[in-house]
Amino acid sequence: MKEMIVKVKNVVKRYSEKLALDHFNMEVKEGEILGLLGPNGCGKTTAINCILSLLNFDKGEIQLFGQKMTPNSYDIKRQIGLVPQEVSVFENLTVRENIDYFCGLYVDDKNTRRRYVDEAIEFVGLKDYVKYYPKKLSGGLKRRLNIACGIVHKPKLIFLDEPTVAVDAQSRNFILEGIRKLNQEGSTIIYTTHYLEEAEMLCSRIIIMDNGKDLVSGTTEELKAMITTSEKIVVSFLSLEDEMIDSMHKIPHVVDIEKKGEDLIIKFENGNNNLSNLISFITEHKLTYRKLYSQLPTLNDVFLELTGRELRD
Amino acid sequence: MTVYKYFIKVALKNKWIIIMYITIFFVMTLLNSTDAMKREESFVETRLNIGIIDKSMSELSSGLREYLEKENNIVDILEDEEYIKEQIFLEIADAVIIIPEDFDQKVVNKKEAILIYKDDRKPQALQIENQVNKFLAFANITYKDGRFELEDVKEALNESVEVQLLSSGDSYARTGVDSWFRFYYKFTGYVIIGVYIAIIGLVMSDFRDKNVDNRRKISSKRFLDFNKEMYLGQLTLAAAVTAVFIVASMLIMGKKLGEVYYIKYLVNLIVFSFSILCLTFLISNITRNKYAITALSTVLSLGTSFISGVMVPQELLGDKVLAIAKFFPMYYFVKINDSMIKSLLEVRYELFMQLLFAVVFLLIGLIFSKRAQKA
């Protein structure tokens, strides 16, 4: 059985009147890539800062590696790496010097440090930029440097706080691939993001957050199974009368019909032959359509059903 | 010692600020060294060409004319303002004095008795004012029972005062060498404040940047160890800058160290340097804003230097200015530099005050540091 590495129980954090974390819970097992998914300002970064003892919290309990986490838990800290949302490096030091400095906060031995720094540079692909100052690097390369500084000491548990914000597609793929590699090498990852696709693609388990609360947790499939909609069919008709939409409600398993511009989004609950039933309806009523496609529910649908809002709002 | 190593590295990335301050300092020192080493040892009165218009024709005015004729060359002059000004402009006369009719009365009543036109382009023209004032002052003293004792005035004016610049027997009496050291070490105060606050302040703001500091906070580096290395870095930098000034003074004036009480300058600089290091500690705990730090560096270095007597001697500064200056260690630093002492015990109060400031800065800095740590 895999060890529980992070245990967060009923944590409450207030910023004067604002409730940033509202009885927040989270558990992470060794080897997982846990995605903390939620809209901007939902409390993801606050949750991470509380877990890392960068912020005090008002109530609750946090344990890392089976021990209570405090600002003086240096043995626990030795096993943690943080890649913060902001690029947090020295502008006056070169790429190599930056990585070496942050490694030096964990590793005293010079030779080990040199090896670790070389490996980190290799890992993030900054070999050709070691003598560059951060201001000379592109946004994507800066993000890579930010990651290198957080993982150089080979931590067992890595917190990545929105590491792909404002990054070009090429660098984003590079970063996501790197995270997978870190996980394969044995690191447990806690990954916060508001990008649905990234979370779906990368994470073995996801916690959806909103207003400081953990709404649901599970694998992508488990989360999708929690909602009533199991299939969405998008149709764009050349012309359609309102009475026809009412008739569509009689198609088996239809739970909701939504009009979005020229598109009609027909939502079905669990059931077979939804697409063929719809096509039969169209043929029967001699309707003409421009496009028609079927979609499985996304995490956005999960969020929408849970909160009544879209995650992208 | 990674933190220490990188503290020094980041500090050296700002080396241009250090070089700039130190270059300005040495250029000023170089310029001053030629002036300060020169010493005025004699003064010579020059004979001026003066015109006298005597409307009083009294015994007193005759006495004055006689005295001025003895000290200067008399030129003919007409009583016309335009003409007088022209003569002065053409350098025919250095000065013209007009003695009014009621001259005696004005002297007795101590009113402005004489009108003097002088060539303001020539510093020696001031001499005529001195001679007139001297005569009138003596005349006033002899005024008794409605008359002036002009014989006594003449006698007094004939007495010459011989001023000799003697060695006081005090081996550290003010000399040209001493003036050089005074100037040199006073200005180190200005540079030390500028460099410490600018360099150490900027480096500290890099290390205390919220995001960078969060990385340090979640690392396994103990807070105490981290701080120890940071303070060691600051101390190294301060010691290096102080050493540069000390060594440079030895290189420039090494042969003349024995002519001044050098230990005074040395101890004073070290104590002051420590005090400013503590001030920098306080500032870096109050603000991380680089613009604020740069501004403070300029304002504090120039401001305190000016009000404490680095630029202008303390004797020439007003009481209110000096009262404000007493709230800064620079005042005590300058006071020791300007003092003529044979033992450090004579300036123990000023040394104590600088150390007291250091302790106060340190304590307030620690309060802010604790508060930031808790936030």
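This is a predicted model, so every value here is computed, not measured.

(A) Structural view of the sheet that holds strand β11 (residues 231–237) of chain A. Residue and element names in this part refer to chain A. Strands sit in the order β12-β13-β11-β14 across an open sheet of four strands; the sheet is antiparallel. A strand with exactly one partner marks an edge of an open sheet, and here the two such strands are β12 (254–260) and β14 (289–295). Ignoring strand direction, the axes of neighbouring strands in this sheet form an average angle of 15°. Of the strand pairs in this sheet, β11 and strand β13 (residues 263–268) are connected by six bridges, and their pairing is antiparallel. Bridged to S236 within β13 is D263. Contacts from helix α10 (residues 274–284) reach β11, β13 and β14 within the one sheet, and its direction differs from that of β11 by about 25°.

(B) Geometry of the packing of helix α8 (residues 176–207) of chain B against helix α14 (residues 329–338) of chain B. Residues and elements named next belong to chain B. For the pair α8 and α14, the least separation of the axes is 9 Å and the interaxial angle reads 170°. Looking at the two axes, α8 sits roughly antiparallel to α14. Taking contact as the criterion, the partners of R182, Y185, K186 and G189 in α8 are, on α14, M330, F333, V334, N337 and D338. Of the residues that constitute the contact of α8 with α14, the class distribution is four nonpolar, two polar and three charged.

(C) Quick peek at the nonpolar core. By size, the foremost hydrophobic cluster in this structure holds 140 residues, and its most contacted members are I99(A), A148(A), V152(A), Y191(A), Y196(B) and I199(B). It is α8(B) that contributes the most residues to this core, 19 residues altogether. Apart from residues lying up to four places away in sequence, A148(A) is in contact with I99(A), A120(A), I121(A), F123(A), V124(A) and L126(A). Counting 26 residues, the second-largest nonpolar core is a separate cluster that includes L64(B), A93(B), V96(B) and F148(B).

(D) View of unusual backbone geometry. Residues and elements named next belong to chain A. If you check the backbone angles, N10 has positive phi at about 50° while not being a glycine. At K154, a residue that is not glycine, the phi angle is positive and equals roughly 55°. Relative to the helices and strands, K154 resides in the loop between α5 (139–151) and β7 (157–161). The exposure class assigned to K154 is partly exposed, which follows from the 19 C-beta atoms found within 10 Å.

Conventions used here
- Residues numbered from 1 in each chain as written.
- Chains lettered and ligands numbered in written order.
- Predicted model: local features only at pLDDT ≥ 70, side-chain atom pairs only at ≥ 80, totals over all residues.
- Pairing = 2+ DSSP bridges.
- Helix = DSSP H or I, 4+ residues; strand = E, 2+ residues; numbered from the N terminus.
- Axes fitted to C-alpha atoms, helices over the stretch in contact; angles between N-to-C directions.
- Contact = placed C-beta atoms within 7 Å.
- Parallel < 35°, antiparallel > 145°, perpendicular 65-115°, else oblique.
- Nonpolar A, V, L, I, M, F, W, Y, C, P; charged D, E, K, R; others polar.
- Core = buried A, V, L, I, M, F, W, Y, C linked by C-beta atoms within 7 Å.
- Buried ≥ 20, exposed ≤ 12 C-beta atoms within 10 Å, placed from the backbone.

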